[in-house]
Amino acid sequence: MRESPALVESRRFGTRTVPMLRPLGWLMAGWRDFMRCPLPGLLHGLLLAAFGAVLFWAARNQFWLLSGAFSGFLLVSPILATGLYAVSRQLQRGGKASVGTSLAAWRPRDGRLVVFGVLLAFAGTGWVMTSAALITGFAPAPVRNPVEFLRVVVLAEQGHLFEIWLALGGVLAAPVFASSVVAIPLLLDREIGILAAVFTSWRVVMENPVPLALWAALIMALTLAGMASVMLGLVIVVPWLAHASWHAYRDLVDTSGLPERP
């Protein structure tokens, strides 16, 4: 059987295996980038924290919707960090980065990042709708706030609604994570097609299942901590994880056989 052109393209270059605790090194490298050029990261973090606060206020009595929206944020967050990948890329090249560096990344010279962002948005929207339908349809009582979510869904004595909610979220989140963990920085950095970038991301995950499971857990834990601090923690967490994700990509993918994007 003839292989797809995208799969062939993704095999033009190599991927690397890393030690189990290597994600901690990505966090350290990401923090260094953040400290070297903090303003773009702080602006990204402030915007996302403000958006989260507005969303929480607007739907404060509809936590059945917010629970899906906030967990769906994890699915679309990789594309939201595009400008900060560009900052880390510039710093790694030995150049000076600024807010202009991050803004330039939002003006793509082709549509690959736009298409990928739309696909992630569809995935996030699908999870929000699924989560809302599950909670409103099967919860034994209304879920209007975090306390009711904890009492009615998480600590319910009958049924397994919370377990089902987590399982469905995992079923959707796992392939999205595997498809995007290095794909977006790769699309920003190199001339490669979308499907080839996705195949590369899957190759990386299959070759490093334990380190990337740890990486996913760290991303989730830090993001939830940022949300739990009345969104204020996202001001720091968002840029920190974005810069760290760039270093994860550079560590996991050998792009020496691919032409760079300007």
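Details of the structure are given in the entry above.
Read on for an overview of the structure. (Residues numbered from 1 in each chain as written. Predicted model: local features only at pLDDT ≥ 70, side-chain atom pairs only at ≥ 80, totals over all residues. Heavy atoms only, no water.)

**Examining the pattern of salt bridges**
Line of reasoning, step 1. Tallied over the full model, the rule gives 7 salt bridges.
Line of reasoning, step 2. Here Asp251 ties to Arg22 by a salt bridge, and the two come within 2.4 Å at their closest N and O atoms. Separated by 229 residues along the polypeptide, Asp251 in helix H13 (residues 234-252) and Arg22 in helix H2 (residues 22-36) bring together distant segments of the chain.
Line of reasoning, step 3. Between Asp189 and Arg89 there is a salt bridge; the shortest N-O distance is 2.7 Å. Taken together, the positions of Asp189 in helix H10 (residues 183-189) and Arg89 in helix H5 (residues 82-92) put the pair 100 residues apart, joining distant regions of the chain.
Line of reasoning, step 4. With a relative accessible area of 3%, Asp189 lands in the buried category.
Line of reasoning, step 5. Where salt bridges share partners, they join Arg89, Arg93, Asp189, Arg190, Arg250 and Glu260 into one cluster. (Salt bridge = Lys/Arg side-chain N within 4 Å of Asp/Glu carboxyl O. Helix = DSSP H or I, 4+ residues; strand = E, 2+ residues; numbered from the N terminus. Buried < 20%, exposed > 50% of the residue type's maximum accessible area, 1.4 Å probe, protein only.)

**Brief notes about the packing of helix H9 (residues 161-180) against helix H11 (residues 194-207)**
Line of reasoning, step 1. Closest axis-to-axis distance for the H9/H11 pair is 6 Å, and the angle between their directions is 110°. Comparing their axes, H11 and H9 come out roughly perpendicular. Within the contact between the two elements, H9 uses Pro175, Phe177, Ala178, Ser179 and Ser180 and H11 uses Val198, Ser201, Trp202 and Val205.
Line of reasoning, step 2. A breakdown of the residues in the contact of H9 with H11 according to their chemical character gives 6 nonpolar, 3 polar and no charged. (Axes fitted to C-alpha atoms, helices over the stretch in contact; angles between N-to-C directions. Parallel < 35°, antiparallel > 145°, perpendicular 65-115°, else oblique. Contact = heavy atoms within 4.5 Å. Nonpolar A, V, L, I, M, F, W, Y, C, P; charged D, E, K, R; others polar.)

**Here's the deal with the environment of Leu187**
Line of reasoning, step 1. Position of Leu187 among the secondary structure elements: in helix H10.
Line of reasoning, step 2. Considered as a pair, Leu187 and Arg112 are 75 residues apart in the sequence and their alpha carbons are 7.3 Å apart.

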